[in-house]
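Each chain, letter by letter, is given below.
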Amino acid sequence: MKKWINEAVPASLLEQLAEKLHISPATAHVLWNRQIRTAEAGRHFLYDTIDDCGDPFLMQGMEKAVNRILQAVKKKEKIVIYGDYDVDGITSTALLQQVLTALGGVASFYIPERQSEGYGLNREALQQLSRGTADLLITVDCGISSTALINEFSTRLDIIVTDHHQPPETLPQAVAVLNPKQSGCAYPCKDLAGVGVAFTLARALWQRHFKEALTAFTEIVALGTIADLVPLTGENRILVRHGLERMKKGSNIGIQALITAAGLTASAVSSGRVAFTLAPRLNASGRLSHAERGAALLLEENAEKAAVIAASLSELNRERQQVEHMIAEEAIAQIEAKGQAEDGVLLVYQEGWHSGVIGIAASRLVERYYRPALVITVKDGVGKGSCRSIRNFNMYEALRSADDLLIQYGGHTMAAGFSVRAENIEPLRQRLQAYAAAHLAASDYIPTVAVDWTLPLEDISLALIDELSLLEPYGMANSRPVFASPRCRLAEVRTIGKERNHLRIVAGEKRRVSGVGWSMADRYGDILSGDYAELAFQLERNEFNGSVSPQMVLQDIHADAPSVVLNRAVMADIYKEMKGLLAARRRLPLWELERRLITLEDGRYTGHVVKAALQVFRELEILTVHSEKDETYCDLPPIEGKMSLAASATYMQYGSH
């Protein structure tokens, strides 16, 4: 169960915002929670277009960068784009390659291999590129921290740095450094992804060369921006919204092939589907293979060739999922075997884990235990680690507290990476445990749900859902709104899905609304038909057989505590009904037996009493189960001797003696 956070706002302020923007109080409250608290800010958020992006020449270093690049284009100098192997780096690389080619430049790209070269610039690559391969090197999504290397090679080739990571105190001595976070930069949007910085450079080049605004290529910008988890506000929001519209039109052949390979249609593309379906496929190239394949897809102009590359990326992604699942399962087993599930910080390590997916495995540990997690793979006496954090725990500062134990580290509040000698891994665990004890309280280990508005079920409508669509695209700093409905009667509760791992409910009395809880089947034992519960949910349109209706996507459930009392008479009644059901239909799945019994006993015994009774029967082996093809079926073996209810722990818990 999660802790719900619902901040109250004076009704008069919400009414003013709603009236000026012509929206409902619910939508106004969502905007307020996103720090959009004036009508002017609201109009910018809701209605700004690509024309409202900042003047690219406001970015510090832009004039020098544009002059040097256009000189290289004119003289047909060899321009090499040096990218990164994640989605932000891949999209930045492909974007600049396309733009420079359109300008008439001679451009190619270089992306380091994750396993052998690691992140960012490296000496071997720069030595190779400086021996006649490149006259001008442009970094994208990297380079800002490579001051020593850039200074060393700046006498051999010209270098322009474009990056969005936090700049160091001493910047590289490059021809130009483009980074909105650098001191003195007047560019208004400081939260651009790497691909956003590259697009700002592209806009400046296009404006200077063609004397017109650049509005193409935003589908590539949207893909990288969403994947890099930067705030989807301000200019990022403009670029993603514009880019999603271009995606739906199939503007980039490679992205269209990726959409098809993922089993989607262009019209169904959203920021969520990009984040959870498209981006992982592109990311898989850099994690398990070489990111060049991802860049090649975005640059491919032949639909058949693009389809082949997209299919190979989908296969790589399936392989990535398998490797990630294996590592996560081994990490969980390690935590449970060592009794570390309640540690302030989770730290697991093993030789042979694939370094390309340990970050995702760390995310899985956070999802399961809601604790900061570090996953380390060890090779040749050195551990390479990836970290994911929780609210109120600054992972970068935690690593900083142990910097004397680390070879190197970097990152930010919620995610980081590091390397450590194998003999220092256990001391690192102890240091981080002490840091967590000093900085986290018991309440910090309870996951939270930020509720935007209390919404009675009878107020849910398609009109409200349509209005909320004005807030899209959703992402970091602009998450999909969460609503809460107090004390709802659950008319129906059941598990769904091939493996029965999802939950479906129907709630309400005067008006009923359906809801689905993805991967929430574990709550089925807590809530049953007839129960009352508070629901936290998002809203979506549900289209089925030509009918459209509102649907809740459940985020959490606060159910009233059930009252269960068992005695011999109750057990005899339920056994009689159960025996009749199984005699009439021998192959009855457990979930269906539960549902039918609850229906039959409605008005006499609650669903919780029925479920408790079934648990007693299973403990006494009066009812047995067996599995076939992802389904659990019930068996009713003959009873020998008198039934001893006292042998059941569940009966002793709920029995009236």
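Residues numbered from 1 in each chain as written. Predicted model: local features only at pLDDT ≥ 70, side-chain atom pairs only at ≥ 80, totals over all residues. Heavy atoms only, no water.

- As named in an unreviewed UniProt entry, the protein is Single-stranded-DNA-specific exonuclease RecJ, taken from Megasphaera vaginalis.
- The Sequence similarities (unreviewed entry) comment attached to the protein in UniProt states, word for word, "Belongs to the RecJ family." (UniProt positions renumbered as here; feature names shortened; annotations may be inferred.)

1. As for the packing of aromatic side chains
- Evaluation of the coordinates by the stated rule reveals seven aromatic pairs.
- When the centroid spacing of 5.6 Å and the interplanar angle of 90° are considered together, the rings of F393 and Y435 count as edge-to-face. Within this pair, whereas F393 is found in the loop between β9 (382-388) and α17 (395-400), its partner Y435 is found in helix α18 (residues 425-439), the two being separated by 42 residues in sequence. Neither residue differs from the other here; F393 and Y435 are each classed as buried.
- Taking 5.8 Å as the distance between ring centres and 65° as the angle between the ring planes, the aromatic pair formed by Y575 and F617 counts as edge-to-face. Here Y575 is found in helix α20 (residues 568-584), whereas its partner F617 is found in helix α22 (residues 607-619), with 42 residues between them in sequence. Neither Y575 nor F617 differs from the other in exposure class; each is buried.
- Aromatic rings pair up to connect W206, F210 and F217 into one cluster.
- In this structure, R371 packs its charged tip against the face of Y445, placed 4.3 Å from the ring centre.
- Its end group placed over the ring of W591, R500 keeps NZ or CZ at 3.7 Å from the ring centre. (Phe/Tyr/Trp six-rings, centres within 6.5 Å; stacked < 30°, edge-to-face > 60°. Helix = DSSP H or I, 4+ residues; strand = E, 2+ residues; numbered from the N terminus. Buried < 20%, exposed > 50% of the residue type's maximum accessible area, 1.4 Å probe, protein only. Lys NZ or Arg CZ within 6 Å of the ring centre and 35° of its normal.)

2. Considering the environment of L244
- In this fold, L244 is placed in helix α11 (residues 234-248).
- When the C-alpha atoms of L244 and L471 are compared, they prove to be 14 Å apart, with 227 residues separating the residues in sequence.

3. Looking at the sheet that holds strand β11 (residues 415-421)
- Read from one edge to the other, the open sheet built from five strands follows the order β7-β8-β9-β11-β10, with strand pairing classed as mixed. Looking along the sheet, the strands with just one partner apiece sit at the ends: β7 (346-351) and β10 (406-411). For this sheet, the mean inter-axis angle between neighbouring strands, taken without regard to orientation, is 15°.
- The pairing of β7 with strand β8 (residues 373-379) spans six bridges and is classified as parallel. Looking at the pairing, Q350 lines up with T377 of β8.
- Against the sheet, helix α15 (residues 303-337) engages β7 and β8, with an angle of about 120° to β7.
- The strands touched by α18 within the sheet are β7, β8, β10 and β11, with β7 carrying the most contacts at an inclination of about 170°. (Pairing = 2+ DSSP bridges. Axes fitted to C-alpha atoms, helices over the stretch in contact; angles between N-to-C directions. Contact = heavy atoms within 4.5 Å.)

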